[in-house]
Amino acid sequence: MPQFHKNDILNLLSKLTLRRVWNGTKVWSSYQLSKLSGKPIQWGYPVSISFEPTTSCNLRCPECPSGLREFTRPTGMLEKNFFEKTIDELHRELLYLIFYFQGEPYLNPDFLKMVRYASAKKIYTATSTNAHYLNDAKAKETVQSGLDRLIISIDGTTQSVYEQYRIGGQLNKVLEGAKNIVKWKKELKSKTPFVVFQFLVVKPNEHQLEEVKQLAKEIGADDVWFKTAQVYDYENDPNGLIPAISKYSRYKKNGDGSYTPKNALKNHCWKLWHANVITWDGLVVPCCFDKDAMHQLGNLKTQSFKQVWGNDNYKQFRRELMTSRKNIDICANCSEGLSVWEK
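Residue indices follow the written sequence of each chain, beginning from 1 at its first position. Given that this is a predicted model, residues contribute local features only at a pLDDT of at least 70 and side-chain atom pairs are listed and counted only at 80 or more, while totals for whole chains, interfaces and linings are drawn from all residues. As a rule here, side-chain values cover all heavy atoms of the structure and leave hydrogens and water aside.

### So, the environment of Tyr162
Worth spelling out the cut-off: Helix numbers and strand numbers start at the N terminus; a helix is a DSSP run of H or I with at least 4 residues, a strand a run of E with at least 2. For each residue, the accessible area found with a 1.4 Å probe, counting protein chains only, is set against the maximum for its type, and the residue is called buried under 20%, exposed over 50%, and partly exposed in between. By definition in these notes, contact holds between two residues if any of their heavy atoms fall within 4.5 Å.
Mapped onto the elements, Tyr162 comes out in helix 7 (residues 159-165). Accessibility expressed as a relative area gives 0% for Tyr162, which makes it buried. Between the C-alpha atoms of Tyr162 and Leu94, which are 68 residues apart in sequence, the distance is 36 Å. In contact with Tyr162, other than residues within four places in its own chain, are Leu59, Asn130, His132, Ser153, Ile154, Asp155, Gly156, Gly169, Gln170, Leu171 and Val174.

Here is the structure:
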């Protein structure tokens, strides 16, 4: 799980302004009031948003709609001009920007240009990558872009284990890309990006937890995060991915061998108050669990973001969530949504 690291936190705090602090205070206060009253109250604008650079991906991971090519929505690339227009509207309140939803960000040729644009607005920027495109030149450009956090997916310390989930991937490319980033950070005397090895814990790799820590240390990554896996057909787990180590599983095993989510699904969700997701083609959706954009709350090609954030669709979705969260399909298999103070 993500840990608070001193250097990374100090960098994030350096992005704070009075306006961003005030906005965050309004958002947090309205969330607390909503829980107390049982009615959705929304003040302020998102503290964090996720922008999708592309839905394209070079891998075929078994629990990923992008990898499986199972989207009903179109595949495409985020356009730089559209991105900049949206950031211009939000940057005064926005603290944290995630360049990821589905797909591999580095497949978008304008990806690092967009990172530069957001970084120039003093927004904390992060992305998640399978690291197959971090050649020497791209690694240098990444460091120069001002990217604050680089999450590298590394779900195995040997090729035979890695490829069981990262189908079509080459572990040697991932490690080479990580080394290139670390090299250019040193060459350019840059403290960023903060490099994270993210290890998605599944049954085939759960025996390599200590090995990935050692590998990260050898290469020079700043941290290792262990992530639990979302399994769509968790009741049966047909791909055999749910780990035996309960700590790293989102699901508990029942007496009959089936699984159920550990999350109690309380009728509130911090994510719906402080964050949201924007697809490559401008659709606004509640969170990262709506991978196929089935709950479209607005379209930035026809409305401004601030119009969408306060529209009737958003109000209705928050109302339904506070009434019966377990009946919302994307919430039924969710392990998140509580704030850090509630975990």
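### Observations concerning the pairing of strand 3 (residues 124-129)
What counts here: We call two strands paired when DSSP finds no fewer than two bridges between them. When the strands point away from the viewer, a crossover counts as right-handed if the path from the first strand over the helix to the second runs clockwise.
Extensive coverage of strand 3 is indicated by the burial of six of its six residues. A two-sided burial pattern is seen for strand 3, the buried positions comprising Tyr124, Ala126 and Ser128 on one face and Thr125, Thr127 and Thr129 on the other. Sheet analysis places strand 2 (residues 96-99) next to strand 3, joined by four bridges and oriented parallel. Across the sheet, the residue bridging to Tyr96 is Tyr124, located in strand 3. This β-α-β element, strand 2 to helix 5 (residues 111-120) to strand 3, shows right-handed connectivity. Read as a crossover between parallel neighbours, the route from strand 3 over helix 6 (residues 136-145) to strand 4 (residues 149-153) is right-handed.

### Considering the pairing of strand 6 (residues 223-228)
Buried residues dominate strand 6, accounting for five of its six residues. Across six bridges, the pairing between strand 5 (residues 194-201) and strand 6 is parallel. What sits directly across from Phe199, in strand 6, is Phe226. Traced from strand 5 through helix 9 (residues 209-219) to strand 6, the parallel crossover comes out right-handed.

### Notes on the sheet that holds strand 6
Cut-off, in case you're wondering: Axis angles are defined between N-to-C directions and span 0 to 180 degrees, where every axis is a line fitted to C-alpha atoms and, for a helix, only to the segment in contact.
The sheet built from nine strands is open, its strands ordered 6-5-4-3-2-1-9-10-11 with mixed pairing. The open sheet has two edge strands, strand 6 and strand 11 (298-299), and neither has a second partner. Pairing between strand 4 and strand 5: five bridges, direction parallel. By the bridge assignment for strand 5, Ser153 is matched with Gln198. Running over the sheet, helix 4 (residues 80-90) touches strand 1 (48-51), strand 2 and strand 9 (275-278) and is turned about 175 degrees from strand 1.

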